[in-house]
Amino acid sequence: MLFAILSRLGRLVFVMFGISVIVFLIFFATPGADPAARIAGRNASPQTLEQVRQSFGLDQPLPVQYGLMMKRLFITQDLTSFVNRGQKVVPAVTKAIPVTLSLVLGAAVLWVFGGLVVGVAAAAMRGSVADKALMAISLVGVSMPVFWVGEVMNLLSQSRLHHTFLFSWVPPLGYKPLLTDPVGWFKALLIPWVTLAILYIGLYGRILRADLIETMQEDFVRTARAKGLSEGRILLRHGVRSSLVAFVTMFGLDFGALIGGGALLTEVVFGLRGVGKMTYDALQTLDLPVILATVLYASFFVVAANALVDALYAVIDPRVRDAH
């Protein structure tokens, strides 16, 4: 088991190294493009361009440039934005990470719980009116763009119904740090959590229902029925556990993508300056150091989330555990 964990960690480091090289080459070795001009920003003076070249070692071979950039990112952490002069990139990304983590973790709890409830309930009542109603509601949730749901929620909670008992507790848009104001943190994020989770509850519920119905036709389920087990027990103990493999796979991909900046629209709508919003702003101004840092950050979480999913497979599915 220890060897398997070390092997996965080794692969994670290798993949991260490969991603960092590819991202670096895209930004710094594109033919016909001057990386100094990209880093310095639009309309930079010749003095600034020369300062950038010297600071980033752009007159040296590519391997040296790569080493200097990774050193600035991960060791000295003194990578500076030339668009927002004086802004240290790594501290700015570090400050944005708790915002995105708080948003995505809270929403993930809601969508995992909601998806399980919807999927299992619909599969247990397959073909009934309740099943059709749950699937119809799920389809509506999947169909609504998250930015539109967010704007509607803001309209109701911040304006039209803010004076009523339903939304009088809702604070102004923005983020409250968990450690300094836990209650404010919860109040500020509750509606963004619900907004982000609505899409995934519908998606995960529909997929889990379809997988459960297919699983309930398997031979091992027939064997369980032959042993006299109740349908409810078979569904929960055998069907759900088997179907969780696909559920966890999806969760790993979606969670990693959202942590890596995929929650951008939710962050923008609710005034949360997370990694997604930071990346979006950097793209607007072509702030290359910030883009490079946030891309590497995003890829790290996607790779780490998939490594975690691989580990969970061994817990959920005995066949995977036996293969190691």
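Let me sum up the structure you'll find in this document. (Residues numbered from 1 in each chain as written. Predicted model: local features only at pLDDT ≥ 70, side-chain atom pairs only at ≥ 80, totals over all residues. Heavy atoms only, no water.)

Turning to the overall build of the protein chain, a few remarks are in order. Along the protein chain, the regular secondary structure elements total 14 helices and two strands. Each of the three principal axes of the protein chain carries a C-alpha extent, and together these read 80 × 60 × 40 Å. A burial count over the protein chain gives 41% of its 324 residues as buried. Partitioning the intrachain contacts of the protein chain with sequence separation of at least 6 by distance along the chain shows that 67% fall at a separation of at least 24. (Helix = DSSP H or I, 4+ residues; strand = E, 2+ residues; numbered from the N terminus. Buried < 20%, exposed > 50% of the residue type's maximum accessible area, 1.4 Å probe, protein only. Contact = heavy atoms within 4.5 Å.)

This model, assessed by the stated rule, comprises six salt bridges. Here Arg 222 ties to Asp 219 by a salt bridge, and the two come within 2.6 Å at their closest N and O atoms. Taken together, the positions of Arg 222 and Asp 219, both in helix H9 (residues 219–226) and three residues apart, correspond to about one turn of that helix. Taking relative accessible area as the criterion, Asp 219 reaches 55% and is therefore assigned exposed. Here Arg 225 and Glu 231 are joined by a salt bridge, their closest N and O atoms 2.5 Å apart. (Salt bridge = Lys/Arg side-chain N within 4 Å of Asp/Glu carboxyl O.)

So, on to the nonpolar core. Residues Phe 28, Met 69 and Leu 73 are the most contacted members of the largest nonpolar core, which totals 70 residues. At 13 residues, helix H5 (residues 89–124) tops the list of elements feeding residues into this core. The residues contacting Phe 28, other than those within four sequence positions of it, are Pro 35, Ile 39, Leu 58, Leu 62, Gln 65, Met 69, Leu 288 and Leu 292. (Core = buried A, V, L, I, M, F, W, Y, C linked by side-chain atoms within 4.5 Å.)

Turning next to a nonpolar patch on the surface. There is a patch of nonpolar side chains on the surface, built from Phe 147, Trp 148 and Leu 265 and spanning about 310 Å² of accessible area. On the accessibility criterion, Phe 147 (43% relative accessible area) is partly exposed. (Patch = residues over 30% accessible without salt bridge, like charges linked within 9 Å, V, L, I, M, F, W, Y side chains within 5 Å. Areas by Shrake-Rupley, 256 points an atom, 1.4 Å probe, with all protein chains shown as cover.)

Okay, helix H10 (residues 231–262) next. Here H10 contains 32 residues, and its C-alpha end-to-end distance of 39 Å is more than 12% below the 46 Å for a straight helix at 1.5 Å per residue. Along its length, H10 reaches its greatest deviation from straightness, about 40°, at Val 240. (Expected span 1.5 Å × (residues − 1). Bend = angle between axes of the 7 residues up to and from the residue.)

We now examine the packing of helix H8 (residues 182–215) against H10. Where H8 contacts H10, the axes come no closer than 9 Å and their chain directions differ by 145°. The way H8 lies across H10 gives a crossing that is right-handed. Two secondary-structure elements touch here, H8 through Leu 196, Tyr 200, Leu 203, Tyr 204, Ile 207, Leu 208, Asp 211, Leu 212 and Thr 215 and H10 through Leu 235, Gly 239, Val 240, Ser 242, Ser 243, Ala 246, Phe 247, Met 250, Phe 251, Asp 254 and Leu 258. By residue class, the composition of the contact of H8 with H10 is 14 nonpolar, four polar and two charged. (Axes fitted to C-alpha atoms, helices over the stretch in contact; angles between N-to-C directions. Left-handed = near helix turned anticlockwise from the far one by under 90°. Nonpolar A, V, L, I, M, F, W, Y, C, P; charged D, E, K, R; others polar.)

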